[in-house]
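# A structural walkthrough
Chain residues, written in single-letter form:
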Amino acid sequence: MAGRVHSSIQNGFWLYSFKPRGTIYLKTSMHFRRNLFSSSPKVATYCSCRANLQTGESDDKLDSPTTEPFVLTTPLYYVNAPPHMGSAYTTIAADAIARFQRLFGKKVVFITGTDEHGEKIATAASDLGSSPIDHCDAISHSYKLLWKDLDISYDKFIRTTDSKHEAIVKEFYARVQASGDIYRADYEGLYCVNCEEYKDEKELLENNCCPMHLKPCVQRKEDNYFFALSKYQQLLEETITQNPNFVQPSFRLNEVQGWIRSGLKDFSISRASVDWGIPVPNDPKQTIYVWFDALLGYISALSDDEKQPSLETAISLGWPASLHLIGKDILRFHAVYWPAMLMSAGLRLPKAVFGHGFLTKDGMKMGKSLGNTLEPNYLVHRFGSDAVRYFFLKEVEFGSDGDYSEERFINIVNAHLANTIGNLLNRTLGLLKKNCQSTLAVDSNIAAEGNALKDTVEALVEKARVEYEKLSLSSACEAVVEIGNAGNLYINERAPWSLFKQGGANSEAAAKDLVIILEIMRIIAIALSPITPSFSLRIFEQLGYSEDQFSAATWSETKWGGLKAGQVMAQPKPVFARIENSTEGEDVGATVEKALKNKERIPVTQEVAEA
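Residues numbered from 1 in each chain as written. Predicted model: local features only at pLDDT ≥ 70, side-chain atom pairs only at ≥ 80, totals over all residues. Heavy atoms only, no water.

### So, the pattern of salt bridges
If you walk through the whole model with that rule in mind, you get 26 salt bridges. In this structure, D95 and R99 form a salt bridge, with 2.7 Å as the shortest nitrogen-oxygen distance. Remark: R99 and D95 occur in helix 1 (residues 85-102); sequence separation between them is four residues, near one turn of the helix. For D95, a relative accessible area of 0% translates into the label buried. Between R220 and E119 there is a salt bridge; the shortest N-O distance is 2.7 Å. (Salt bridge = Lys/Arg side-chain N within 4 Å of Asp/Glu carboxyl O. Helix = DSSP H or I, 4+ residues; strand = E, 2+ residues; numbered from the N terminus. Buried < 20%, exposed > 50% of the residue type's maximum accessible area, 1.4 Å probe, protein only.)

So, in structure tokens, the structure goes:
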């Protein structure tokens, strides 16, 4: 879904001219219960958000396990083409949020997947001389491969061509139909095949060209089924007004409220001219429109593969979703159409929808025509998953647009991961090996008695927690890096290498200083693990812990006092290789292409810091 709609969604699905036929929808006076927090299946309900994702306030303590799952979704990505950096960005952010929630013992259900129906898919497959399903299999697999390379820890991967999905879509359709919210009508308008939506003439360029794809829209007239969106205008407006955290960030809420207040119009939910899709129940000549189909993936993903799929069973396994994470270009579908569809079916609404911004490259919008697209496979194979994850989550304020430049990418990653954190750990372990046989002299609590640095670290850990809860991922990164900065300042001021040379009490003090720095590194490894899981694991292993111990770590272990006297650290080696700029004349593209073909990581300079 994320790859399908890029612009002009405000006017998507509008009914331009229609002549009702068959069952005609007649507007009647509707009365809804005002208790939007009710869990009754007979009325449209809104599920209150247990944790305020924007303010950080919470009704439940995050550090206590709960039986209520935290269900997090990315869009289901459209498989007309391989994954791009925009879809990778959404998924990296979702993974960081999922990992943070798991640190508090939450039962997380992280859903992602692919949207595989529609005219554009059939056309793309035909252009490649492939069948639609073979094309979908290949592109869906490419997403899974990229997610593996980026350390994406999803729990459910749903494909809209899965049989269980089709069964649940048809059952949902029947529910909405039983509510009297589906009717048949003719419609006519200008249609953009690439956007897979009808356009208002006012938004088109010269010669009726789509402003996003710069291709002429075609005139179409079809006999389709429509969803009575206008029926839910008042309830949607009241729901969003009473629950302002439903749409985030707050400036996106203003957009959604503007759309609703301007008047909602019924939209087509079937296509007569598209064969590649789920057939409309009782009318096999029509297929269900891709958005009405794909949005149900958030629910069908919850169903158990081993059981007979049913809407009721899927709902019982985790709905409503705690958070839909999407690009801002598909906000209207998730914050207006989807809630109305759920209301019609008598299902609870998701707790929150967060619309993040777009990525640009060197200050310019990315596009194939400009030759400046950003290939995620290129980035991850050249720089590694931790570097890619860290840069985009640290440097792009979550919710706003953000820019990529290779120079800034390399500078930021080297400064924070290689120098501030990696070099500090390597220097300290080198000193420990040289002067203490890689063994801790005292407990970290004893080492830090009366030391203001401990208070500084604890305050920054709490700041990071609050920022993570607010989905302020960039600020969370900043707080953790500040812990590293404090550690570097401390070791440079204390100069333990000089104290060791003085012997006696000074040597004992120096040994304590090393324990303090290594305790800081242990805390950083846990606090940064949602952002850079592999990097954090390498830090943990350098501190003498196993991968199982890292996997079992919780946020409560960011509390000072984890390291104990007698613990033996690993032999010092770099946990992050400093990235060097490409040398002049080097054909980086050829190197990357070869590495991708051979599934190899492009070598980067390894530097071991001297203690």
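Following the structure, the description resumes.
### A look at the sheet that holds strand 11 (residues 270-271)
With respect to topology, three strands assemble into an open sheet ordered 11-13-12, the strand pairing being antiparallel. Where the open sheet ends on each side, the last strands, each with one partner, are strand 11 and strand 12 (279-280). Pairing between strand 11 and strand 13 (residues 283-288): two bridges, direction antiparallel. Following the sheet pairing, R271 is matched in strand 13 by T287. (Pairing = 2+ DSSP bridges.)

### Points about the sheet that holds strand 5 (residues 156-159)
Spatial strand order, 5-4-3-14-16-9: six strands in an open sheet with parallel pairing. A single partner strand is all that each edge strand has here, and the edge strands are strand 5 and strand 9 (247-248). Where strand 4 (residues 108-115) lies against strand 5, four bridges are found, and the strand directions are parallel. Paired with T112 across the two strands is F157, which belongs to strand 5. Along the sheet face, helix 3 (residues 132-149) touches strand 3 (70-78), strand 4 and strand 5 and points at about 160 degrees away from the line of strand 5. (Contact = heavy atoms within 4.5 Å. Axes fitted to C-alpha atoms, helices over the stretch in contact; angles between N-to-C directions.)

### Focus: the pairing of strand 13
By the bridge criterion, two bridges tie strand 12 to strand 13 in an arrangement that is antiparallel. Paired with V280 across the strands is D283, a residue of strand 13. Between strand 12 and strand 13, which pair antiparallel one after the other, the connecting turn spans two residues, and N282 there sits at a positive phi close to 70 degrees.

### Observations concerning the nonpolar core
Across soluble globular proteins, you tend to see nonpolar side chains buried next to one another. Membership of the largest hydrophobic core comes to 175 residues, with the highest contact counts inside it found for F172, I299, F392 and F409. If you tally residues by element for this core, the top one is helix 18 (residues 504-527), at 14 residues. (Core = buried A, V, L, I, M, F, W, Y, C linked by side-chain atoms within 4.5 Å.)

### Focus: the environment of R220
Within the secondary structure, R220 is located in strand 8 (residues 218-227). When the C-alpha atoms of R220 and S273 are compared, they prove to be 9.8 Å apart, with 53 residues separating the residues in sequence. Excluding residues within four positions of it along the chain, R220 makes contact with E119, Y187, E188, G189, Y191, V193, Y198 and S273.

### So, the packing of aromatic side chains
In the structure shown here, the tally under the stated rule is 32 aromatic pairs. Pairing F333 with Y337 gives two aromatic rings, centres 5.7 Å apart and planes at 40 degrees, and the pair type is tilted. A residue pair is termed a helical-turn pair when its members lie 3 or 4 positions apart in one helix, as F333 and Y337 do in helix 10 (residues 331-345) at four residues. Neither residue differs from the other here; F333 and Y337 are each classed as buried. Within the aromatic cluster, the residues linked to one another by ring pairs are Y89, F354, F383, F391, F392, F398, Y404 and F409. Directly above the ring of F157 sits K144, whose terminal nitrogen or CZ lies 4.8 Å from the centroid. (Phe/Tyr/Trp six-rings, centres within 6.5 Å; stacked < 30°, edge-to-face > 60°. Lys NZ or Arg CZ within 6 Å of the ring centre and 35° of its normal.)

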